[in-house]
Amino acid sequence: MVANPTRIASNPDYELNDSYDDRLVATPFQQKSNVLSGKISSVLSASYADSEIRDALQALDSTSVQNTPNFRRNLRLDVQKEVIDCNAEIIDQFGTVAERLRRIGSTIYRLNQLCDDIQTQLMAAHRENGPILDEASTLLDQKDESETKKQLLEAFNKHYLMSEKELRALTTNADVVDDFFFEVLNRVKRIHKDCQILLGTENQRLGLELMEQSSRNLNSAYQRLYRWIQREFKMLNFENPQVSSMIRRALKALAERPTLFQSCLDFFAEAREHVLLDAFYAALTGPSDGLDRDTVTKPIEYHSHDPLRYVGDMLAWTHAASVSEREALENLATADGEEIVQGFKRGTESEPWSTVDGEAFDGRKALEELAGRNLNGVVQVLRQRVEQVIYNQEDAVMVYQFVSLLCFYRVTFTKLLGAGNTLIESLSSLEDFAFRQFETIMADHVRYILTDADRPPPDMRLPDFLTESLDQLKVLIKNFDSSLTPITSREEDFKRITDVALDPFLDICRKIAQDSEEPHYSIFLINCLQAAQATLSDYDFVQQKVSALEDDVKSYATTLTDFQHSFFLHSSGLYPMMASLAPFSEKSSDTVAPIQELPTFQPAALQDASQTLDDFLPSASIDAKENIKYLNNKKLASNITTEAAERFCEDFGFVEAQLAAFDESEETTKDTQEHGGLGEASQLLRQYFPRTTGEIRVLLS
């Protein structure tokens with residue numbers, strides 16, 4: 001590889017010139033060795049990875065290098081000459097470039113002069129044509145403004161003004177109402193609504209005139225629509241009313257005029273009322289032409305001998321008719337219900353007098369009211385006939401069955417037609433009338449019993465009238481239990497029945513027993529009250545009444561207990577001693593009564609009382625039970641006797657305690673000690689009255 005000439009030329013160790021050669025020649029051998037070692041060191045220390053060295057070597061290698069002294073001496077000169085030649089060539093080329101730039105500069109100068117001339121000419125033309133351009137711009141602006149006004153006028157006329165064809169469609173008395181009529185009607189309503197925008201401008205005259213004109217057009221359209229609906233209703237088959245979609249659409253539009261809308265519904269209801277009334281008469285008596293068209297279904301009056309079925313059939317027919325009527329009117333009152341509500345709301349704003357308290361239109365409620373009004377004629381006939389049937393009844397149970405039947409249908413019709421119509425009011429009135437008739441019959445029956453009843457039966461059993469009334473009450477309570485009376489009011493509602501069908505008879509029992517003595521008075525009333533309890537106890541809605549009867553039974557049972565206790569006291573001879581000790585019974589049990597001063601505690605009196613007690617005890621329980629043997633509830637009788645015996649034992653224990661306390665008192669002890677007979681003195685009183693409480697309990701158990 002040849003060394004880079006540039007690198008060699010710049011390195012003093014590689015400097016090849018005459019002085020260098022002379023220095024080699026002039027030095028001795030030692031100098032030659034130093035030079036050689038220096039060159040070797042330089043070569044060895046050189047980094048051939050340097051890019052400049054590699055480039056210099058590649059440039060040197062591209063020439064014809066000869067390693068001769070002459071070539072080495074001329075190498076630097078040759079390189080410099082080559083560099084100078086390259087620079088000269090570059091200068092020549094830059095001269096050519098400079099010449100071309102001078103030509104371009106002269107061309108640009110000429111162009112600048114031409115542009116200045118053109119600009120001068122343009123400014124002159126602008127000064128001459130400026131007024132013309134301003135006038136043209138003004139004309140163009142005026143043209144755009146005129147075009148805008150034209151478009152606004154066309155849009156205004158198209159939106160706010162109606163064509164002759166549209167006016168004829170709204171105002172003529174043609175018999176046809178089609179889709180085009182409703183399109184025009186909707187357009188007039190939009191115009192009338194949009195006139196409010198015009199009223200917000202400074203000049204309100206146009207808005208007022210257009211609003212007045214649109215109002216007249218709307219009124220004419222609604223009047224025409226109202227007349228058309230009336231004609232359609234007249235041609236409608238009221239035996240089977242099927243309302244077309246066009247009539248429903250017309251009613252939806254007419255809802256914005258509540259007065260006209262209500263008039264149409266009134267006309268429809270009146271026509272349907274006559275049809276349903278004729279159908280009801282036909283169901284009652286059969287076809288008017290005398291032909292038996294249906295050999296299976298008999299006229300309702302065919303079963304008039306059975307009052308309950310007769311009334312039930314009439315109510316069932318009314319229910320079937322109301323269901324059919326509701327189904328027939330369903331698509332009339334509730335189709336597009338939301339749109340009718342909105343139309344009705346808009347109508348109330350224009351006719352605030354047409355509704356009560358601003359009440360919004362309710363399609364479901366309107367349907368129920370319309371169906372109820374259609375049945376008004378049927379309701380009048382139904383009410384007359386049902387009242388007559390109920391009035392002619394003398395059986396209280398039958399009349400109350402009418403009450404249950406009417407209650408059932410009242411609840412059913414309320415679910416079907418809602419509350420507040422004539423049918424529901426009539427059924428409620430009939431129900432009240434039937435219950436008043438029931439009360440009247442029961443009151444007459446009570447008055448009849450009062451005139452005939454005298455005293456309780458000798459064996460204190462239930463009187464016949466109470467047995468009959470309880471049997472009747474069982475039927476009534478079963479009917480009531482199967483009725484649709486709300487659970488929350490069942491107890492209160494049944495109280496009306498017990499007030500009529502039970503309480504008066506119990507009052508009669510108390511009245512006829514008031515002359516009886518104890519224990520017959522309490523026994524008789526307990527038998528009556530517990531019989532009434534047994535009749536009512538199986539039903540939840542009479543528990544309050546059962547509790548009241550139970551309280552009365554407990555009260556009379558307490559009276560019987562007192563009677564039995566008194567019987568034990570008097571029959572055993574213990575009553576005089578208890579009466580003597582009564583003032584001391586309230587004192588402390590440690591207090592010893594001064595019984596030696598009481599006549600009933602004298603030895604002779606105690607001996608008599610002891611003998612009476614001994615005679616009484618063997619048959620005491622049997623005699624006590626014999627007193628209340630007519631009490632039907634044997635368990636209660638046993639409890640009463642047991643409680644009375646327990647109280648008697650407690651009384652006997654009190655007397656025994658007083659006797660024992662007296663015998664053991666210090667005064668008695670001292671007195672007996674003075675006589676020298678302590679053991680005998682300790683039995684001073686007990687020896688005359690030796691029975692103990694334990695013995696009494698055993699004998700009475």
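Before any of the text, the structure's been laid out above.
Our subject in this report is the structure included herewith. On a predicted model such as this, the values are computed, not experimentally measured, just so you know. Position labels on residues start from 1 in each chain and follow its written sequence. Totals for whole chains, interfaces and linings use all residues, but because this is a predicted model, local features are given only for residues with pLDDT of at least 70 and pairs of side-chain atoms are given and counted only at 80 or more. The basis for every side-chain value is the complete set of non-hydrogen atoms in the structure, without hydrogens or water.

### Concerning the overall build of the protein chain
Thought 1: Starting at the N terminus, helices and strands are each numbered in turn, a helix being any DSSP run of H or I of at least four residues and a strand any DSSP run of E of at least two. A tally of helices and strands in the protein chain yields 28 helices and zero strands.
Thought 2: For this analysis, residues touch if any pair of their heavy atoms sits within 4.5 Å. Sequence separation of at least 24 residues holds for 76% of the intrachain contacts in the protein chain that already meet a minimum separation of 6.
Thought 3: Exposure was quantified through the Shrake-Rupley algorithm and a 1.4 Å probe, taking into account, for residues, occlusion by the shown protein chains and nothing else. When the accessible surface of the protein chain is summed, it comes to about 41200 Å², and 52% of that surface belongs to carbon and sulfur atoms.

### A short note on the packing of aromatic side chains
Thought 1: Stacked, edge-to-face and tilted are the three classes for Phe, Tyr and Trp ring pairs, Trp counted by its six-membered ring, which pair at centre distances within 6.5 Å; planes under 30 degrees apart are stacked, over 60 edge-to-face, the rest tilted. Going through the model one piece at a time under the given rule, you end up with 17 aromatic pairs.
Thought 2: Between Tyr539 and Phe541, the ring centres sit 5.7 Å apart and the planes meet at 45°, which makes this aromatic pair tilted. Of the two residues, Tyr539 and Phe541, neither departs from the other in class, the shared state being buried.
Thought 3: These aromatic residues form a ring-pair network of at least three members: Phe480, Phe494, Tyr539 and Phe541. Three exposure classes are used, based on accessible area relative to the maximum for each residue type with a 1.4 Å probe and protein chains only: buried under 20%, partly exposed in between, and exposed over 50%.

### Side note on unusual backbone geometry
Thought 1: Glu518 connects to Pro519 through a cis peptide bond whose omega is 10°.
Thought 2: Among the secondary structure elements, Pro519 is positioned in the loop between helix H19 (503-513) and helix H20 (520-536).
Thought 3: Even without being glycine, Met460 reaches a positive phi, approximately 60°.
Thought 4: Tracing the sequence through the fold places Met460 in the loop between helix H16 (422-452) and helix H17 (464-481).
Thought 5: Judged by relative accessible area, which is 6%, Met460 ranks as buried.

### Description of the side chain of Thr318
Thought 1: Note that Thr318 resides in helix H11 (residues 307-333).
Thought 2: Classification of Thr318 as buried rests on a relative accessible area of 1%.
Thought 3: Non-local contacts of Thr318, meaning those with residues more than four positions away in its chain, are made with Phe280, Val378, Leu382, Phe413 and Leu423.

### Re helix H4 (residues 51-61)
Thought 1: Listed as buried for H4 are Ile53, Ala56, Leu57 and Leu60. Buried residues of H4, seen end-on, are gathered within an arc of 95° and therefore sit on one face of the element. Starting at the helix axis, one direction is taken to each C-beta atom, and the arc is that of these directions.

### A look at the side chain of Thr561
Thought 1: The topology assignment puts Thr561 in helix H21 (residues 543-572).
Thought 2: Taking the relative accessible area as the measure of exposure, Thr561 reaches 3% and is therefore buried.
Thought 3: In protein, a polar contact requires one atom able to donate a hydrogen and another able to accept it; more generally it is a pair of N or O atoms within 3.5 Å, and residues adjacent in sequence count only if both atoms are side-chain atoms. A polar side-chain atom of Thr561 sits 2.8 Å from the main-chain carbonyl oxygen of Ala557.
Thought 4: In this structure, Thr561 is in contact with Ile640, Glu643, Ala644 and Arg647, ignoring residues within four places of it in sequence.

### A word on a negative patch on the surface
Thought 1: A patch is a set of surface residues, each over 30% in relative accessible area and not in a salt bridge, joined within 9 Å for like charges and within 5 Å for the nonpolar side chains Val, Leu, Ile, Met, Phe, Trp and Tyr. Salt bridges, as used here, are contacts in which a Lys or Arg side-chain nitrogen is within 4 Å of a carboxyl oxygen on Asp or Glu. When charges are counted, Lys and Arg are positive and Asp and Glu negative, with His and the chain ends excluded. The atoms used to mark charge sites are NZ of Lys, CZ of Arg, CG of Asp and CD of Glu. A grouping of Asp141, Asp144, Glu147 and Glu154 is seen on the molecular surface, where their side chains present a negatively charged patch.
Thought 2: Residue class for Glu147 comes out partly exposed when judged on its relative accessible area of 38%.

### Some remarks on the environment of Asp266
Thought 1: When you line up the elements, Asp266 lands in helix H10 (residues 258-285).
Thought 2: A residue is classified by how much of its surface remains accessible, and Asp266, at 31% relative accessible area, is partly exposed.
Thought 3: With 108 residues separating them in the primary sequence, Asp266 and Asn374 have C-alpha atoms 9.4 Å apart.

### Digging into the state of the cysteines
Thought 1: Any two cysteine sulfur atoms within 2.5 Å of one another count as a disulfide. For the coordinates displayed, the defined rule picks out zero disulfides.
Thought 2: A disulfide-free cysteine, Cys528 has its sulfur positioned 3.7 Å from the sulfur of Cys509, the nearest such atom.

### Details of the pattern of salt bridges
Thought 1: Under the defined criterion, the tally for this structure stands at 26 salt bridges.
Thought 2: Notably, a salt bridge pairs Asp507 with Arg510, separated by 3.0 Å at the nearest N-O pair. Residue Asp507 and its partner Arg510 are located together in helix H19, separated by three residues, close to a single helical turn.
Thought 3: Its relative accessible area of 44% is what places Asp507 among the partly exposed residues.
Thought 4: Asp614 serves as the salt-bridge partner of Arg691, at 2.7 Å between the closest nitrogen and oxygen.

### Description of the packing of helix H15 (residues 396-417) against H17
Thought 1: Relative to each other, H15 and H17 sit at 10°, their axes nearing to 10 Å. As summarised for this structure, H15 and H17 are arranged roughly parallel, according to the angle between their axes. Where H15 approaches H17, its residues Ala396, Val397, Tyr400, Gln401 and Ser404 are matched on the opposing element by Gln472, Val475, Leu476, Asn479 and Phe480. Helix axes are fitted only over the stretch in contact, all axes being lines through C-alpha atoms; the angle between N-to-C directions runs from 0 to 180 degrees. Roughly parallel refers to an angle under 35 degrees, roughly antiparallel to one over 145, roughly perpendicular to one between 65 and 115, and oblique to any angle outside these ranges.

### Considering the packing of helix H8 (residues 205-235) against H10
Thought 1: H10 packs onto H8 with a crossing angle of 10° between their chain directions and a minimal axis gap of 10 Å. Taken as axis vectors, H8 and H10 run roughly parallel relative to one another. On the side of H8, the interface is formed by Tyr222, Gln223, Tyr226, Ile229, Gln230, Phe233 and Lys234, while H10 contributes Leu260, Ser263, Cys264, Phe267 and Phe268.
Thought 2: In the scheme used here, Gly and all other residues not listed as nonpolar or charged are polar, with Ala, Val, Leu, Ile, Met, Phe, Trp, Tyr, Cys and Pro taken as nonpolar and Asp, Glu, Lys and Arg as charged. Tallied by class, the residues present in the contact of H8 with H10 amount to eight nonpolar, three polar and one charged.

### Quick look at H16
Because each turn of an α-helix spans 3.6 residues, side chains separated by three or four positions end up pointing in the same direction.
Thought 1: Relative to the 45 Å expected for 31 residues at 1.5 Å per residue, H16 spans 45 Å between its end C-alpha atoms, a close match to the ideal helical length.
Thought 2: By the N-cap criterion, in which a side-chain oxygen at the helix start approaches the backbone nitrogen of a residue two or three places on, H16 is capped by Asn421, the distance to Leu423 being 3.1 Å. Here a helix's expected span is defined as the number of its residues, less one, multiplied by 1.5 Å.

### Considering the environment of Ser580
Thought 1: Mapped onto the elements, Ser580 comes out in helix H22 (residues 575-581).
Thought 2: Remark: the alpha-carbon pair of Ser580 and Phe601, spanning 21 residues in sequence, is separated by 8.8 Å.
Thought 3: Setting aside chain neighbours within four positions, we find Ser580 in contact with Leu598, Thr600 and Phe601.

Purely geometric numbers; function is a separate question.
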